[in-house]
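One-letter residues, chain by chain:
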Amino acid sequence: MFFQKKIFLRSGLQEETYLPECVIMKPGRASLQDAMDEAEEVIFGSVSTLLRKTGVSPQDISIVVTNCSLHNPTPSYASMIVNHFKLREDCKAVHLGGMGCSASLIACKLASDLLRLRPKQYALVVSTENISLNWYTGNDKPMLVTNCLFRLGCAAMLLSNKPSDRSRSKYELLHLIRTHRAADDKAYRCAYQQEDSEGNLGIALSKDLMGVAAGAASTNLAILAPYILPYSELLHYVFTLLCRRLLGMKIKQHQPDFKLAVNHFVLHAGGRAVIDEVQKSLRLTDYLTEPSRCTLQRWGNTSASCLWYVMAYLEAKRRVKAGDKVLMLGLGSGFKCNSAVWLALSDAGTNKDNPWLDCIHRYPVLNTLCSGGHRGKPL
């Protein structure tokens, strides 16, 4: 408990994050029913809100893609949605398990690929993580860290390839790049589910995690760069590379500036150290990483869904304008890095279903924006 308190105070999380009731009332003694109750509460709530907001009937949805890494019951989450909302019988339902914190963009990629095969369709993507049966009760320090970071959350997104929906859509998906470094043993085991010496199940986070994450992000962005960076930035990079390798000149290799290509950065709120590492690698300002840090403070690491809480922060602050480009960067076990570039089709406005609506006025928090500390005062 002493170790967990010390980690929590340095984690960047505040005291408004959410845990399942069973973890609070009976930690380590959760049942399968507890896990199912948790899943149904967040999934059905998110999807119901989405359908009400968009005015889309469940019968109009032909593709469902869900993702949850650590809880994969039978029937699957995708089947739960089909059953609860009575979706049509020819609905293509897929569940992704064990894909880590970057799984939401993998689900979006799969839904996008399926939409390419079926014109004028709707695809529902639901991202969550289940904590009830995955709360670690042992004393292994690398496995206790997850208790201090992961919290309850869920996000539901509706994708459409109907031309008539363009006028009311928030964003258009321009690019989505996936990279996977599981061939490297260090990357493969840096976030690993295992039992400790006493048989307690949990996720062990290795000390190599930050270096692996930085390397995975660098590889992914190198693939993305030619699609979005201006030609001047690409030529500058190639020029310094040739000077170093062919002419042997001792000059610094130019690092592409992604701020020239996108307006907003939605970074995985996996932890204070993760955000620090990505900020340093991309040379981002505190203003650009503010949405991810505030998401970590308010909601914690909600795994795959956290990217959408960061996006909701940008919308609640009304920072996204029509024509802006938003770069999403997801990091997860495997080790995987996935990135997506979205084009805003309209100015962002605060709606009554935005999760930040009742608290956005308190963020960013003055003393925690850069330091990642536990307490602070709102600006």
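The residue count restarts for each chain, going from 1 along the sequence in the order it is written. Per-residue local features of the predicted model are confined to residues with pLDDT of at least 70, and side-chain atom pairs are confined, for both listing and counting, to 80 or more; whole-chain, interface and lining totals are unaffected and use all residues. Based on all heavy atoms of the structure, the side-chain values leave hydrogens and waters out of the count.

### Things to note about the packing of helix α1 (residues 2–11) against helix α6 (residues 141–149)
So, point 1. Angles run from 0 to 180 degrees between N-to-C directions of axes, and those axes are lines fitted to C-alpha atoms, restricted for helices to the stretch in contact. Each helix is a run of H or I in the DSSP string that is no shorter than four residues. Each strand is a run of E no shorter than two, and both are numbered from the N terminus. Closest axis-to-axis distance for the α1/α6 pair is 9 Å, and the angle between their directions is 50°. Considering the angle they form, α1 stands oblique to α6. In this structure, α1 meets α6 at a crossing whose hand is right-handed. Here Phe3, Gln4, Ile7, Phe8 and Ser11 of α1 lie close against α6, whose contacting residues are Lys141, Leu144, Val145, Asn147, Cys148 and Leu149.
So, point 2. The nonpolar class holds Ala, Val, Leu, Ile, Met, Phe, Trp, Tyr, Cys and Pro. Asp, Glu, Lys and Arg form the charged class, and all remaining residues, Gly among them, are polar. Of the residues that constitute the contact of α1 with α6, the class distribution is seven nonpolar, three polar and one charged. Under this scheme an angle from 65 to 115 degrees is roughly perpendicular, one under 35 degrees roughly parallel, and one over 145 degrees roughly antiparallel; angles in between are oblique. Each crossing gets its handedness from the near helix: less than a right angle anticlockwise from the far helix is left-handed, clockwise is right-handed. Throughout, a contact is declared for two residues whenever any of their heavy atoms are within 4.5 Å.

### Let's talk about the UniProt feature "domain: FAE" (unreviewed entry) in the protein chain
So, point 1. UniProt positions are given in the numbering used here, feature names are shortened, and annotations may be inferred rather than shown by experiment. Using the residue numbers shown here, the UniProt feature "domain: FAE" (unreviewed entry) corresponds to residues 3–245.
So, point 2. Across residues 3–245 one finds 45% helix and 20% strand; the C-alpha atoms that close the span lie 48 Å apart.

### Digging into a negative patch on the surface
So, point 1. Patches draw on residues past 30% relative accessible area with no salt bridge. Two like charges within 9 Å are joined, as are two nonpolar side chains (Val, Leu, Ile, Met, Phe, Trp, Tyr) within 5 Å. Residue exposure ignores everything except the shown protein chains as possible cover, and the areas themselves are Shrake-Rupley values with a 1.4 Å probe. For salt bridges, the criterion is a side-chain nitrogen of Lys or Arg within 4 Å of an Asp or Glu carboxyl oxygen. His is not counted, nor are the chain ends, whereas Lys and Arg count as positive and Asp and Glu as negative. Each charge is placed at NZ for Lys, CZ for Arg, CG for Asp and CD for Glu. On the surface, Glu21, Asp37, Glu40 and Glu41 cluster together into a patch of negative charge.
So, point 2. By residue number, the principal contributor to the negative patch is helix α3 (residues 32–54), which donates three residues.
So, point 3. Relative to the assigned elements, glutamate 21 resides in helix α2 (residues 21–25).

### Regarding the side chain of serine 102
So, point 1. With respect to the helices and strands, serine 102 occurs in the loop between β2 (92–97) and α5 (103–117).
So, point 2. Sequence-distant contacts of serine 102, defined by excluding residues within four places in its chain, comprise Gly330, Leu331, Gly332, Lys336 and Asn338.

### Topic: a nonpolar patch on the surface
So, point 1. On the surface, Tyr237, Val238, Leu242, Leu246, Leu247 and Met249 cluster together into a nonpolar patch covering about 590 Å² of accessible area.
So, point 2. Relative to the helices and strands, leucine 246 resides in the loop between α9 (231–245) and β8 (264–267).

### Details of α5
So, point 1. Taking 1.5 Å of rise per residue, the 15 residues of α5 would be expected to cover 21 Å, and the 22 Å separating its terminal C-alpha atoms lies within 8% of that figure.
So, point 2. Each residue is assigned to one of three classes by its accessible area relative to the maximum for its type, calculated with a 1.4 Å probe on protein chains only: buried under 20%, partly exposed between the two thresholds, exposed over 50%. All of the buried residues in α5 are Ala103, Ser104, Leu105, Ile106, Ala107, Cys108, Ala111, Ser112 and Leu115. In this scheme, a helix's expected span is set at 1.5 Å multiplied by one less than its residue total.

### Remarks on the state of the cysteines
Disulfides are covalent bonds that connect the sulfur atoms of two cysteines.
So, point 1. Cysteine sulfur atoms are paired as a disulfide whenever they fall within 2.5 Å. Counting across every chain of the model gives zero disulfides.
So, point 2. Free of any disulfide, cysteine 148 has its nearest neighbouring cysteine sulfur in cysteine 101, separated by 15 Å.
So, point 3. Considering cysteine sulfurs only, cysteine 190 is the nearest to cysteine 337, which forms no disulfide, with 12 Å between them.
So, point 4. Judged by relative accessible area, cysteine 337 falls into the buried class, the value being 0%.

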